[in-house]
Amino acid sequence: MRLQSLNTGGVLPLDTAQGRVPSGIVKRPQTGRIGVTRLGLAGDAQADHEVHGGPAKAIYAYPTEHYAFWQTVRGQAKVAGELAHGAMGENLSLCGLLEGQVWMGDRLRFPDCELIVTAPRIPCFKFAAVMGFAQAVSLMAQSGYCGFYLAVHREGSLAAGDSVELIPGPRELRIDEHFRAVMRKKPGR
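Keep in mind that this is a model prediction, so the values were computed, not measured. (Residues numbered from 1 in each chain as written. Predicted model: local features only at pLDDT ≥ 70, side-chain atom pairs only at ≥ 80, totals over all residues. Heavy atoms only, no water.)

J.: Can you help me understand the pattern of salt bridges in this one?
T.: Close approach of charged atoms lets side chains of opposite charge pair. Applying the stated criterion across every chain yields a total of 10 salt bridges. Counted as one network, the salt bridges with shared partners bring together Arg107, Arg109, Glu114 and Glu165. (Salt bridge = Lys/Arg side-chain N within 4 Å of Asp/Glu carboxyl O.)

J.: Could you clarify how one ought to interpret empty space enclosed by the protein in this entry?
T.: Picture a little ball the size of a water molecule; that probe, rolled over the atoms, points out where space is still empty. Applying the stated criterion to the full structure yields 1 cavity of 30 Å³ or more. By volume, the largest cavity is sized at about 230 Å³. Residue composition of the lining of the largest cavity, by class: 7 nonpolar, 7 polar and 6 charged. (1 Å grid on protein atoms, 1.4 Å probe; cavity = no way out; pocket = protein on both sides within 12 Å on 5 of 7 lines; lining within 4 Å. Points joined across faces, edges and corners; volume = space filled by probe spheres on them. Nonpolar A, V, L, I, M, F, W, Y, C, P; charged D, E, K, R; others polar.)

J.: Honestly, the pairing of strand β5 (residues 34-37) in this entry has me stumped. Any pointers?
T.: The two faces of the sheet receive side chains in turn, since in a regular strand these alternate between them. Of the two faces of β5, only the one carrying Ile34 and Val36 is buried; Gly35 and Thr37 on the other face are not. Two elements, β5 and strand β12 (residues 156-158), share 3 bridges in a ladder whose sense is antiparallel. Note on β12: the bridge partner recorded for Gly35 is Ser157. Strand direction decides the pairing type here: β5 and strand β6 (residues 40-41), joined by 2 bridges, are antiparallel. Bridge pairing links Val36 to Leu41 in β6. Linking two consecutive strands that pair antiparallel, namely β5 and β6, is a turn of 2 residues. (Buried < 20%, exposed > 50% of the residue type's maximum accessible area, 1.4 Å probe, protein only. Helix = DSSP H or I, 4+ residues; strand = E, 2+ residues; numbered from the N terminus. Pairing = 2+ DSSP bridges.)

J.: I keep staring at the state of the cysteines and nothing clicks. Help me out?
T.: In protein structure, a disulfide is the covalent linkage between the sulfur atoms of two cysteines. A complete count under the given rule lists 0 disulfides for this structure. Cys95 takes part in no disulfide bond, and the closest cysteine sulfur to it belongs to Cys146, at a distance of 17 Å. For Cys95, a relative accessible area of 30% corresponds to the partly exposed category. As a non-bridged cysteine, Cys124 has Cys146 as the owner of its nearest cysteine sulfur, 14 Å distant. (Disulfide = S-S within 2.5 Å.)

J.: In this structure, what is going on with the sheet that holds strand β8 (residues 92-95)? I would like to understand it.
T.: Strand order in the open sheet made by the 8 strands is β4-β1-β8-β7-β11-β10-β9-β13, with mixed pairing throughout. The strands lining the two open edges of the sheet, one partner per strand, are β4 (28-30) and β13 (165-167). Taken over all neighbouring pairs, the strand axes of this sheet differ in orientation by 40° on average, direction set aside. In this sheet, β8 lies alongside strand β7 (residues 59-63) in parallel orientation, the contact comprising 3 bridges. Across the sheet, Ala61 pairs through a bridge with Leu92, a residue of β8. (Axes fitted to C-alpha atoms, helices over the stretch in contact; angles between N-to-C directions.)

J.: What is the right way to read helix α1 (residues 67-76) from this model?
T.: Structural remark: α-helix, 3.6 residues per turn; residues separated by three or four positions point the same way. Turning to α1, its buried residues are Tyr67, Trp70, Val73 and Arg74. For α1, the angular spread of buried residues about the axis comes to 130°, placing them on one side. Among the exposed residues of α1, those pointing more than 90 degrees away from its buried face are Ala68 and Gln76. As for α1, its buried residues are in contact with β7, α2 (125-131) and α3 (136-143). At the exit of α1 stands Lys78, carrying a positive phi of roughly 65°. (Arc of directions from axis to C-beta. Contact = heavy atoms within 4.5 Å.)

J.: Hey, could you run me through unusual backbone geometry in this one?
T.: With the exception of glycine, the majority of residues adopt a negative phi angle, and the majority of peptide bonds are in the trans configuration. In this structure, Lys78 is a non-glycine residue whose phi angle is positive, near 65°. Examined against the element boundaries, Lys78 turns out to sit in the loop between α1 and β8.

J.: When you look at the side chain of Ser93 in this model, what are you seeing that I'm missing?
T.: Position of Ser93 among the secondary structure elements: in strand β8. At 3.0 Å, the side chain of Ser93 and the side chain of Asn7 are in polar contact. (Polar contact = N/O pair within 3.5 Å; in protein donor to acceptor, adjacent residues only side chain to side chain.)

On their own, these measurements won't tell you what the molecule is for.
Here it is in structure tokens:
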């Protein structure tokens, strides 16, 4: 398992089907080591603290293995352009760790910090806006390709290329199971 890309971004206006809204979903790959504090990565921001950010959702990780799927469905929806790491709004583009392999409470140990898996990411209209087509939210719900939020257990730093060690937690609820349960309860589903 490896950290392929480390991504940050600020709060910017985002054009959505609901109008222009502030959002921190646009992330860009960074070089060098980035500081990790209790509230996330240095230089990163979130606009809606009710659903993103804070100690329990300080960092968002997404498996790079899912990028091919999203590139294909964007092409089918006639959305041009290649997806770069950070396009899902993730801070950590991880290789080798999928939602079905991660449980709530598992720890991710990096060389200079340690993070705890806290929750799946639940998609919203902002995700559809950055993907460029309205069905993106329902496709994330169907595919289960949601990624997961992390709390900071031990502060330090991260850099692209860092190795990742999965330390099992209580193993009571997997991320993919939790995601499906939440999505079944969402209005309109």
